[in-house]
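Structural description and commentary
Here is how the chains run, residue by residue.
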Amino acid sequence: MEFLVASAIGVLTSGGLYLMLRLRTFPVILGMSLLTYAVNVFLFASGRLTVGAPPILSDATVYTDPLPQALVLTAIVISFGMTAVVVMIGLGAFLGSDDDHVDDPAGDPVTADDEVEGTS
């Protein structure tokens, strides 16, 4: 069971990083979502992977820690809000420039000499 969860976290992380390095807005948003899913599964798995165990301390010898479950619920809400913000920023950038590239346009890089000449 642990190997399956660890493999799922690895696949989600690698897929999320690959999509985050793309140059378009939509794959970046999907990559960010995959990374948040990977972090949520990691947090949830940190509270022990037990089946049928009570979520609080009792007389049972095996229990599940409720703190990672609360952290995952909080992370889900935060990731939903951040996804909405990034979608709106991407939509605004697309409507403003009719292009959804994430990187800056290729142009003249500013050198140190240009900055010195402009100040004198």
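Described in the following lines is the structure provided in the data block. All of these numbers come straight from a predicted model, not from anything done at the bench.

Along its length, the chain carries four helices and zero strands. Counting from the amino terminus, helix and strand elements in the chain follow one another as α-α-α-α. A total of 120 residues make up the chain; the buried ones form 14% of that total. A separation threshold of at least 6 residues defines the contact pool for the chain, and within that pool the share at least 24 residues apart is 51%. In the structure as shown, the chain presents an accessible area of about 8900 Å², 71% of it carried by carbon and sulfur atoms.

Another point: the packing of helix H1 (residues 2-20) against helix H2 (residues 25-45). Helix packing for two helices is described by the angle between their axes and how far apart those axes are. Axis separation between H1 and H2 bottoms out at 7 Å; the angle between their running directions is 155 degrees. The pairing of H1 with H2 is recorded here as roughly antiparallel in orientation. Crossing of H1 against H2: the hand is left-handed. Across the interface between the two elements, Val5, Ile9, Leu12, Thr13, Gly15, Gly16, Leu17, Leu19 and Met20 from H1 touch Pro27, Val28, Leu30, Gly31, Met32, Leu34, Leu35, Tyr37, Ala38, Val41, Phe42 and Ala45 from H2.

Under the 1.5 Å per step criterion, the end-to-end length of helix H3 (residues 66-97) is 47 Å for 32 residues, consistent within 8% with the ideal 46 Å. Burial in H3 covers these residues: Pro68, Val72, Ser79 and Gly90. Buried residues along H3 sit in contact with H2.

Across its 21 residues, H2 extends 30 Å between first and last C-alpha, which sits within 8% of the 30 Å expected from 1.5 Å per residue. Every buried residue of H2 is listed here: Thr25, Pro27, Val28, Ile29, Gly31, Ser33, Ala38 and Asn40. Residues of H2 that are buried sit in contact with H1 and H3.

Residues Val87, Met88, Leu91, Phe94 and Leu95 make up a contiguous nonpolar surface patch of about 480 Å² in total accessible area. Note that methionine 88 resides in helix H3. Given the relative accessible area of 54%, methionine 88 is considered exposed.

A word on the environment of valine 11. With respect to the secondary-structure elements, valine 11 resides in helix H1. As for valine 11 and leucine 34, which are separated by 23 residues in sequence, their C-alpha atoms are 9.4 Å apart.

Within the element layout of this structure, threonine 36 appears in helix H2. The class of threonine 36 is partly exposed, set by a relative accessible area of 23%. It is 10.0 Å that separates the C-alpha atoms of threonine 36 and valine 72, two residues lying 36 residues apart in sequence.

Reading the values: rules and limits
- Once a new chain begins, its residue numbering starts again from 1 and follows that chain's sequence as written.
- Thresholds applied to this predicted model are a pLDDT of at least 70 for local features of residues and 80 or more for the giving and counting of side-chain atom pairs; totals over whole chains, interfaces and linings are not thresholded and use all residues.
- To get the side-chain values, all heavy atoms of the structure are used, and hydrogens and water are removed first.
- Runs of H or I in DSSP of at least four residues are treated as helices and runs of E of at least two as strands, each being numbered from the N terminus.
- The buried label applies to any residue whose accessible area, calculated with a 1.4 Å probe on protein chains only, is under 20% of its type's maximum; exposed applies above 50%, and partly exposed to all values in between.
- Residue contacts follow a heavy-atom distance rule, with two residues in contact if any of their heavy atoms lie within 4.5 Å.
- In these tables, accessible area is a Shrake-Rupley quantity obtained with a 1.4 Å probe, and a residue counts as shielded only by the protein chains included in the view.
- Comment: axis = line fitted to C-alpha atoms, over the contacting stretch for helices; angle = value between 0 and 180 degrees taken between N-to-C directions.
- Roughly parallel means an angle under 35 degrees; roughly antiparallel means over 145; roughly perpendicular covers 65 to 115; every other angle is labelled oblique.
- Two helices cross in a left-handed way if the nearer one is turned anticlockwise from the farther one by less than a right angle. They cross in a right-handed way if the turn is clockwise.
- Here a helix's expected span is defined as the number of its residues, less one, multiplied by 1.5 Å.
- Here a patch means residues that are over 30% exposed by relative accessible area and free of salt bridges, tied together within 9 Å if like-charged and within 5 Å if nonpolar (Val, Leu, Ile, Met, Phe, Trp, Tyr).
- Salt bridges are defined by distance alone: a side-chain nitrogen of Lys or Arg within 4 Å of a carboxyl oxygen of Asp or Glu.

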